[in-house]
Amino acid sequence: MSHIHKKIQRRNIVNQLVWSSDVHPILRQVLAHRHIGSVDELNCSLNKLYDAQALSGLEQAAELLADAIISNQRILIMGDFDADGATSSALAVRALRAMGAQQVDFLVPNRFEFGYGLTPEIVAIAAQRKPDWLLTVDNGISSHAGVLAANAAGIGVIITDHHLPGAHLPAARVIVNPNLPNDTFPSKNLAGVGVIFYVLSAVRAALRKRAWFNETRIAPNLAQWLDLVALGTVADVVPLDHNNRILVEQGLRRIRAKQCVPGIQALLAVAGRSAQELLASDLGFVVAPRLNAAGRLDDMALGIRCLLTDDANEARQLAERLDAFNKERRVIERDMQTQALDKLSALIKKLAGAKLPAGLALFDSEWHPGVIGILAARIKETFHRPVIAFAPSEQMNFIKGSARSIPGVHIRDCLEWVHAQYPSLIQSFGGHAMAAGLTIAQSALSDFQAAFAQAVEYYAQDVELGEAIIWSDGELDAADLTLETAQVLRDAAPWGQRFAEPIFDGYFEVVERRIVGESHLKLKLNLAGRVFDAIAFNETGESWQNIQRVRASYKLDINFYTDQRKLQLQITHIEAAD
């Protein structure tokens, strides 16, 4: 069941930068489409990272943590229960211990007992460990009550986060977040793991100034953990601006060389993926889901332990448990998606030809709270409009929602609008442009659904709901469809959010089609007398099975099989040609 009309549209050239002749002409075209204004923006050397000093609060946070290390104070890392939070927690624990911290540990709230962030309830649990400092990673910017509870207990709070702040900031000792008002850090797109990476780099610099490192206590090279930074950055789907591309590319290089933590190697192994040919998309679609599965179905502490252990056997055992959780998550997700589509089918019939609401908010008392984010994303893809999926909350009579949006509609702004117009509807909320979380009273669901639809209508005035545009980098000649071209584009990666992997489109004659793996369409396509292998994932071709001429959008992919490398067109959309 799909209610999206997909349209292929070719990108316009936005700059006419003169490239040197050694840059492949197709790559020149792709980069021109992506607002690349200089060759320097392709340089992913570490020395091209933005200067950390522009991050407000960075120096103060570094001095406080350096004091804590030298004074042997207890530091408790408070993470989030997703992949960004897990990598942030593991990075902070590893780096602080390597810098000489003797009393550092982590605590991540179980989402089913405590909910998101630094709540008073999780502070009470943390207080039992008698920490001197709570260091939040990937959360905290909306934790007003939790920070006050920590302050009352005599525990200092240092917040490192990247989520958008509200009108008022928590009363922490210091906050490091590139999205704070008046912060001058050039990139507002750091993931939580990127923020804590910068903070830890500043801590090391502060300790060096104090001559803390010597012959027996050696300053660690933080670049050794860029594998964790890359994983968390890709998993959180933050825009890959130049700074984030550097972090991801440097991390990928270390993973490919197997110079990464045993946990990442183990997660790749259980997924049957080779580290040597790893792409950024593999981190997002292969490694991150298995890591996230712990936080969705059980306890993210399992995932953090997988990233913290230096024992390969233990890492493999933990990775296998995460893989089992991920398989269970898939089954739960399929069932929930079927239920959601049934609800929407009934709504469509009830509307009798009228338009669906601009924004969809769905609830089922049987839905698993750990999987509603994925469910919202799937329904968003089916109907191309912002979606919130709600499940029962740990709070009696309240429900918890996970929101996903489409390009052009800032989902947190929509929630802010609802909160401003109807102050009693939302108990709490937070998030990004494309994803957010919130809690409302179950009794308020109907009113919230109407208000949310109004908010989306307000913010989506320039967006075509129900119509997904597939942006193409143009048409390629048959002579351009080569392994060489595919490798050139592969080497120009990492591609990702707002630095989209190149997609091309063209007209082909269908030579052969067959279903593989139950739901994937394997094709042989003819272009100008040459036949190319192609695959369309989760596509059966039922709507055009008797059509011989098609228009397709595709990525140039390299299929690695045994020791062979073969060009393969990875189809992103296919339709009958006129």
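Our structure is the block above this text.
Remember, it's a predicted structure, so these values are computed and weren't measured experimentally.

A. Highlighting the packing of helix H3 (residues 83-98) against helix H11 (residues 301-308). Across the interface, H3 lies against H11 with an axial gap of 9 Å and an inter-helix angle of 45°. Accordingly, the angle class assigned to the pair H3 and H11 is oblique. Relative to H11, the crossing made by H3 is right-handed. Contacts from Ala 86, Thr 87, Ser 89, Ala 90, Val 93 and Arg 94 of H3 reach H11 at Ile 304, Leu 307 and Leu 308. Residue composition of the contact of H3 with H11, by class: six nonpolar, two polar and one charged.

B. Quick look at the nonpolar core. Core analysis: the largest hydrophobic core is formed by 148 residues, its most contacted members being Ile 77, Leu 96, Ile 379 and Leu 556. The element best represented in this core is helix H6 (residues 192-209), accounting for 11 residues. Setting aside chain neighbours within four positions, we find Leu 556 in contact with Leu 476, Leu 481, Thr 485, Ala 486, Leu 489, Phe 504, Leu 567, Gln 568 and Leu 569. By size, the runner-up hydrophobic cluster in this structure holds 29 residues, among which are Ile 426, Ile 440, Ala 451 and Val 463.

C. Region of the structure containing unusual backbone geometry. The step from Ala 493 to Pro 494 runs through a cis peptide bond, and the omega angle for that step is 15°. With a phi close to 60°, His 35 is a non-glycine residue in the positive phi region. Relative to the helices and strands, His 35 is located in the loop between helix H1 (25-33) and helix H2 (58-70). Overall, the relative accessible area of 58% leaves His 35 in the exposed class. At His 384, a position not held by glycine, the phi torsion is positive, near 50°. Note on placement: His 384 falls in the loop between helix H13 (372-383) and strand S8 (387-392). For His 384, a relative accessible area of 14% gives the class buried.

D. Summary view of the pattern of salt bridges. Counted by the stated rule, this structure contains 29 salt bridges. Here Asp 473 and Arg 34 are joined by a salt bridge, their closest N and O atoms 2.8 Å apart. Here the residue Asp 473 occupies a position in the loop between strand S12 (467-472) and helix H16 (483-491), and Arg 34 occupies one in the loop between H1 and H2, the gap between them amounting to 439 residues. As far as the burial class goes, Asp 473 and Arg 34 line up, both buried. With a shortest N-O distance of 2.5 Å, Arg 329 and Glu 333 are connected by a salt bridge. In this pair, Arg 329 and Glu 333 both sit in helix H12 (residues 312-351), four residues apart, roughly one turn of the helix.

Reading the values: rules and limits
- Residues numbered from 1 in each chain as written.
- Predicted model: local features only at pLDDT ≥ 70, side-chain atom pairs only at ≥ 80, totals over all residues.
- Heavy atoms only, no water.
- Axes fitted to C-alpha atoms, helices over the stretch in contact; angles between N-to-C directions.
- Helix = DSSP H or I, 4+ residues; strand = E, 2+ residues; numbered from the N terminus.
- Parallel < 35°, antiparallel > 145°, perpendicular 65-115°, else oblique.
- Left-handed = near helix turned anticlockwise from the far one by under 90°.
- Contact = heavy atoms within 4.5 Å.
- Nonpolar A, V, L, I, M, F, W, Y, C, P; charged D, E, K, R; others polar.
- Core = buried A, V, L, I, M, F, W, Y, C linked by side-chain atoms within 4.5 Å.
- Buried < 20%, exposed > 50% of the residue type's maximum accessible area, 1.4 Å probe, protein only.
- Salt bridge = Lys/Arg side-chain N within 4 Å of Asp/Glu carboxyl O.

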